[in-house]
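# Close look at the chain arrangement
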Amino acid sequence: MCGLAGFLDPSDRRSVEERTTIIERMAGVLAHRGPDDSGLWQDVRAGVALGFRRLAIRDLSPAGHQPMRSASGRFVLVFNGEVYNSEEIRAELAATGRSPSWRGTSDTETMLAAIETWGLSAAVGRFVGMFALAVRDNERRTLSLVRDRLGIKPLYYGSAGRAIVFGSELKALCAHPDFLPEIDPVALTRFLRYAYVPTPLSIYRNAAKLPPGTILTFTENDTAFSPRPVPYWSLTETVNTALREPFTGSEEEATDAFLERARQAVRLRLIADVPLGAFLSGGLDSSLVVALMQEASSRPVRTFCIGFTEEAYNEADQARAVAAALGTDHTERLATPEEAMSVIPRLPAMYDEPFADPSQIPTFLVSELARRQVTVSLSGDGGDELLAGYNAYTHGEEIRQIARRLGVFRGAAAGAIKTFPPQFYRHVLRGRYTGDRLHKLADLLTQDPLVHHRQLMSHWKSPSALTGVPEPEEAWLLPEVVPPPHRSWTPIEEAMFRDTLTYLPDDILTKVDRASMAVSLEARVPLLDHRLVAFCWSLPMSYKRRDGRTKRVLRRALERYLPRELFDRPKRGFGVPIDDWLRGPLRPWAEELLSEAALREDGWLDPKPIRAAWEAHRTGVRNYPGPLWCVLMYRAWRESGASTACRSEY
């Protein structure tokens, strides 16, 4: 795990010393991603510079130093991530007779040899792991950027004057003196809907996220945004192939096959030359990952959990019970609201652009806890997208069933529900947020079922009302959604597909990457091994969810390691009580950021709907934690200075 940065500008007339200062600054602001070593490489005549910060995980010797040149000198590489099948690739290279005389054992050296032997696209297609890389081809005089298949590791690129700039985080681009951080109003509008800026956008007009599974190649004559990323792996093709060739065995056989693939994925991710552990929430996914780690280990695995004093958000008891049953070396910390809220001022610089998933707070705290003992931690992320585990899938199906039963009367039913305000239902039905949920149901009953998931995943339902910027239809109707030729997708399949393309890399994996790398911790996600992803898509939906039970094959696999009562419980989110905090200890902070004067001075948002939502939430008339947290994270980002300058201090 590391941080990379660089630029390409053949027209640059700066001195070598000035260019060196720029690349050192760009890489230097990523020091939290790589505190162990730094390096840079330049081709002054071509205007190419590569900078690197290293977190040493494999081959801790100088033989793992980057930027690294290939044996022939043709290729120069900077690489963030891990390629877990490095030894397998070395064996394949040896079989070709073109294996170099190895200088060390790093996967970086393996990658360079593979690129030199098979070419970039063919080599990347062999890599199993998580990676973002930049490679200079001195013979063809090109610079290529590559991102892993599922988007586990980040990579941004953009323009700074006439230069192409790139880096692991936006702050590296901001560190180039010619980069202009101008807000993109379309990106801001989409952020207000989803709580993250979706790929390929960034919050800045002149910067973009490289889509997962693509290669972007620049020549020395290109301008920053003229080339288009070229896929080397496609989720659409992977899913279509899996659905055309479905798994035909029994559920027990599917469980065996799933477990074997998960076991292989976990064991590959145990390769490290530094201490290693795992996040353990007590949920299904992290429990299975830890069980498979412990199965492969001769000593107790180190596990880490964050709990909270608010009982509704505290999973520490469940995690402790799972750890005891598996025999791990468990560490937990019970965080107070004050400790959790102390993270909030650090978030704008941590994410570089607005990001409003409240679980960013406990994710940082558990990363900080783990880093005291280990340098690598495995995570259970990905299971919900693969095995239909999200509550939103269940809620969407329930809404569709209600709409079908109501038939032509669904509009009338929705109108009847909205005859009374939410607080009426709170008193009559004695549920704190019952009225809010009923009003949401009424809104969804009148909509086409195809948009249910989009609305369930939306925070501001009409973000254009805040920014005045029209939201294009393709903001959610992704062009990658290509139904398989032999049948239509079910709504749940389409929701899973969309989430894997968007929510997974842009929210879940972004959150884990920034939170872990803020404390120089490498987080690995074995359930997102691309081969396991393909297998899960081949399974019948009944093996994923049936009779109200989600992730069926994963549950059945976990039963082989744990008593069912330790994990067979309702799904709980990994979050914090933002709604109560905004009415309590965070209220003065929120009031300052959401004041009408502050919003008008900001200039990008209409204060009227925001003030109305804040007043309703503050007084308890309605519950708006998601929409308000989006605006607050945007406003905190603006006020921090992260929107106009590079910030690297956490």
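This section reports on the structure supplied with the text. Model, not experiment: these values are computed from the prediction.

With that settled, consider the overall build of the chain. Along its length, the chain carries 29 helices and 19 strands. Relative to its full complement of 650 residues, the chain shows a buried share of 61%. With an accessible surface of roughly 24600 Å², the chain has 52% of that area assigned to carbon and sulfur atoms.

Over its 13 residues, helix 28 (residues 607–619) runs 18 Å from end to end, which matches the ideal 18 Å to within 8%, given 1.5 Å per residue. Inspection of helix 28 places Pro 607, Ile 610, Ala 613, Trp 614, Ala 616 and His 617 among the buried residues, and these make up the whole buried set. For helix 28, the elements touching its buried residues are helix 20 (464–467), helix 25 (578–583), helix 26 (587–593), helix 27 (596–602) and helix 29 (625–640). One side-chain oxygen of the residue at the start of helix 28 lies 3.1 Å from the amide nitrogen of Lys 608, identifying that residue as Asp 606.

Moving on, we get to the nonpolar core. Ranked by internal contacts, the top residues of the largest apolar core, which has 172 residues, are Phe 258 and Ile 361. If we skip the residues at most four places from it in the chain, Ile 361 touches Ala 340, Val 343, Ile 344, Leu 347, Val 576, Trp 581 and Trp 629. Judged by nonpolar contacts, the second largest core, of 22 residues, contains Ala 46, Phe 166, Leu 210 and Leu 216.

The geometry of helix 7 (residues 235–244) relative to helix 23 (residues 530–538) is characterised by a closest axis approach of 7 Å and an angle of 45° between their N-to-C directions. When the interaxial angle is binned, helix 7 and helix 23 end up oblique. Helix 23 is crossed by helix 7, and the crossing has right-handed handedness. Of the residues in helix 23, those in contact with Leu 235, Thr 238, Val 239, Ala 242 and Leu 243 of helix 7 are Val 533, Ala 534, Trp 537 and Ser 538. Among the residues forming the contact of helix 7 with helix 23, the class breakdown is 7 nonpolar, 2 polar and no charged.

To continue, consider the packing of aromatic side chains. What describes a pair of aromatic rings is the distance from one ring centre to the other and the angle between the planes of the rings. Within the structure shown, the criterion is met by 13 aromatic pairs. Residues Phe 127 and Phe 131 carry aromatic rings whose centres are separated by 5.9 Å and whose planes lie at 90° to one another, so their mutual orientation is edge-to-face. On the accessibility criterion, Phe 127 (0% relative accessible area) is buried. With relative accessibility at 0%, the residue Phe 131 sits in the buried group. Seen in terms of ring centroids, Tyr 390 and Tyr 393 are 5.7 Å apart; in terms of plane orientation they differ by 70°. Their pairing is edge-to-face. No difference in accessibility class separates Tyr 390 from Tyr 393, as the two residues are buried. One aromatic cluster in this structure is built from Tyr 194, Tyr 196, Tyr 390, Tyr 393 and Tyr 503. Lying over the aromatic face of Phe 535, Arg 261 brings its terminal NZ or CZ to 4.3 Å of the ring centre.

Attention now goes to helix 29. The terminal C-alpha atoms of helix 29, which comprises 16 residues, lie 21 Å apart, in line with the 22 Å expected from a rise of 1.5 Å per residue. Buried within helix 29 we find Gly 626, Pro 627, Leu 628, Trp 629, Cys 630, Val 631, Leu 632, Met 633, Tyr 634, Arg 635, Ala 636 and Trp 637. At the C-terminal side of helix 29, Gly 641 shows a positive phi close to 90°.

Two pairing modes exist for strands in a sheet, parallel and antiparallel, and in both the strands are linked by backbone hydrogen bonds. If you walk across this open sheet you meet the 6 strands as 2-3-1-9-8-10, and the pairing is antiparallel. This sheet does not close on itself; its edge strands, each paired only once, are strand 2 (37–43) and strand 10 (207–209). With direction set aside, neighbouring strand axes in the sheet form an average angle of 10°. Across 5 bridges, the pairing between strand 8 (residues 156–160) and strand 9 (residues 163–167) is antiparallel. The partner of Gly 158 across the bridge, within strand 9, is Val 165. The sheet contacts of helix 1 (residues 16–28) involve strand 1 (2–8), strand 2, strand 3 (48–54) and strand 9, and relative to strand 1 the element is tilted by about 145°.

Turning our attention to the pattern of salt bridges. Summed over all chains, the structure comprises 53 salt bridges. Between Lys 511 and Asp 357 there is a salt bridge; the shortest N-O distance is 3.8 Å. With Lys 511 in helix 22 (residues 503–517) and Asp 357 in the loop between helix 12 (347–351) and helix 13 (360–371), the pair connects residues that are 154 residues apart, well separated along the chain. Here Lys 511 matches Asp 357 in class, with each residue buried. Note that Arg 514 is salt-bridged to Asp 513, the shortest N-O span being 2.9 Å. Exposure remark for Asp 513: the relative accessible area of 3% places this residue in the buried category. The structure contains a network of salt bridges with shared partners spanning Glu 251, Glu 252, Asp 256, Arg 546, Asp 547, Arg 552, Arg 556 and Arg 560.

Across the 9 residues of strand 5 (residues 75–83), 9 count as buried, placing the element largely inside the fold. Across 2 bridges, strand 4 (residues 68–69) lies against strand 5 in antiparallel orientation. The partner of Arg 69 across the bridge, within strand 5, is Val 76. Linking strand 4 back to strand 5 in an antiparallel pair, the connection comprises 5 residues, with Gly 73 at a positive phi of about 90°. Two elements, strand 5 and strand 6 (residues 129–137), share 9 bridges in a ladder whose sense is antiparallel. By the bridge assignment, Leu 77 is partnered in strand 6 with Val 135.

Moving on: the sheet that holds strand 11 (residues 214–219). The strand order across the open sheet built from 6 strands is 4-5-6-7-11-12, with neighbouring strands paired in antiparallel fashion. The two strands at the open ends of the sheet, each matched to only one other strand, are strand 4 and strand 12 (230–231).

The subject of this paragraph is unusual backbone geometry. Residue Pro 67 follows Gln 66 across a cis peptide bond; omega there is 0°. Along the chain, Pro 67 turns up in the loop between strand 3 and strand 4. That bond from Thr 199 to Pro 200 is cis: its omega, 10°, falls within 30 degrees of zero. The residue Pro 200 is located in the loop between helix 6 (185–194) and strand 10 in this model. Despite not being glycine, Arg 141 shows a phi value in the positive range, around 60°. By the secondary structure assignment, Arg 141 is in the loop between strand 6 and strand 7 (142–147).

Rules of the game
- Residues numbered from 1 in each chain as written.
- Predicted model: local features only at pLDDT ≥ 70, side-chain atom pairs only at ≥ 80, totals over all residues.
- Heavy atoms only, no water.
- Helix = DSSP H or I, 4+ residues; strand = E, 2+ residues; numbered from the N terminus.
- Buried < 20%, exposed > 50% of the residue type's maximum accessible area, 1.4 Å probe, protein only.
- Areas by Shrake-Rupley, 256 points an atom, 1.4 Å probe, with all protein chains shown as cover.
- Expected span 1.5 Å × (residues − 1).
- Contact = heavy atoms within 4.5 Å.
- Polar contact = N/O pair within 3.5 Å; in protein donor to acceptor, adjacent residues only side chain to side chain.
- Core = buried A, V, L, I, M, F, W, Y, C linked by side-chain atoms within 4.5 Å.
- Axes fitted to C-alpha atoms, helices over the stretch in contact; angles between N-to-C directions.
- Parallel < 35°, antiparallel > 145°, perpendicular 65-115°, else oblique.
- Left-handed = near helix turned anticlockwise from the far one by under 90°.
- Nonpolar A, V, L, I, M, F, W, Y, C, P; charged D, E, K, R; others polar.
- Phe/Tyr/Trp six-rings, centres within 6.5 Å; stacked < 30°, edge-to-face > 60°.
- Lys NZ or Arg CZ within 6 Å of the ring centre and 35° of its normal.
- Pairing = 2+ DSSP bridges.
- Salt bridge = Lys/Arg side-chain N within 4 Å of Asp/Glu carboxyl O.

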